[in-house]
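Report on the structure
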Amino acid sequence: MKKNDEFILDIIDVTAEGSGVGKIDGMAVFVPLTAVGDTARVKILKVKKTYAFGKVIEIITPSANRIEPDCPVFNKCGGCVYRHINYKAECELKEKRVRETVKRIGGVDLEPKPILYGENTDCYRNKSQYPVGKNDFDISKVEKSVELLKSSNILYEFRTTVVNEFHEEDDYHKIGEW
């Protein structure tokens, strides 16, 4: 396997960071924006000694858990890595991650209590990153970031605060002072 090779890959697991995992000749390949159960055409971006990184060229067969992301900045901001799978599948992945981590680090074979599903699956994020530099202040970057915030339904509270305080007042210079 080498950089720029393309493969058909079955996604069999997912990392804590949300990248799908498939195997080619026994080597793990990490592919963002994939879901367990996807079959995808993947282009290899980087090859290490025991693993590789790839990117999706095409989803050939989507996972039964795959949904259309409801956030227009899902694949840009990096705050929510599971918006392309249904909520039940997301909770099951997180429960599995806790169980595997406790076993691997603590050496305890434990069955955790099931995750309590939330009533509202939106508007819970408390972190996102929108790069705006203080030294090379570029108004177009600020405007783009504000537009991303305005369109994101997941960061509703933060969006409302920032948009009301900075965008509607056209007071972009305040952002550079953060």
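Once that is clear, we can look at unusual backbone geometry. Unusually for a residue other than glycine, Asn4 sits at a positive phi of about 75°. Relative to the helices and strands, Asn4 resides in the segment before β1 (6–10). The phi angle at Asp25 is positive, at roughly 50°, despite the residue not being glycine. Mapped onto the fold, Asp25 is located in the loop between β3 (20–24) and β4 (27–31). Taking relative accessible area as the criterion, Asp25 reaches 82% and is therefore assigned exposed.

Okay, the nonpolar core next. Ranked by size, the top nonpolar core spans 10 residues in total: Leu9, Ile11, Ile24, Met27, Val29, Val31, Ala40, Val42, Ile44 and Ala52. When residues of this core are traced back to their parent elements, those giving at least two are β4 and β5 (39–47). The next biggest cluster of nonpolar side chains, apart from the first, holds 6 residues, and it includes Val14, Ala35, Tyr82 and Leu93.

Confidence in the prediction of the chain, expressed as mean pLDDT, is 78, and 65% of residues score 70 or more. This stretch, residues 167–178, has a pLDDT under 50; its non-local contacts, to residues over four places away or in other chains, come to 25 contacts.

Below, the discussion takes up the pattern of salt bridges. Scanning all chains against the criterion turns up 9 salt bridges. A salt bridge links Asp13 to Lys96, with the shortest nitrogen-to-oxygen separation between them at 2.9 Å. Taken as a pair, Asp13 in strand β2 (residues 13–14) and Lys96 in helix α2 (residues 87–106) lie far apart in primary sequence, 83 residues in all. Between Glu90 and Lys94 there is a salt bridge, with its nearest N and O atoms 2.7 Å apart. Residue Glu90 and its partner Lys94 are both found in helix α2; the two are separated by 4 residues, about one turn of the helix.

Turning our eyes to something else, we now look at the pairing of strand β6 (residues 51–61). As defined by bridge partners, β4 adjoins β6 across 3 bridges and the pair is classed as parallel. Looking across to β6, one finds that Phe30 is bridged to Phe53. The sheet contact formed by β5 and β6 spans 8 bridges and is antiparallel. Its bridge partner lying in β6, Lys46 is registered against Phe53. Counted along the chain from β5 to the antiparallel partner β6, the turn is 3 residues long.

Procedures and definitions
Residues numbered from 1 in each chain as written. Predicted model: local features only at pLDDT ≥ 70, side-chain atom pairs only at ≥ 80, totals over all residues. Heavy atoms only, no water. Helix = DSSP H or I, 4+ residues; strand = E, 2+ residues; numbered from the N terminus. Buried < 20%, exposed > 50% of the residue type's maximum accessible area, 1.4 Å probe, protein only. Core = buried A, V, L, I, M, F, W, Y, C linked by side-chain atoms within 4.5 Å. pLDDT = per-residue confidence, 0-100. Contact = heavy atoms within 4.5 Å. Salt bridge = Lys/Arg side-chain N within 4 Å of Asp/Glu carboxyl O. Pairing = 2+ DSSP bridges.

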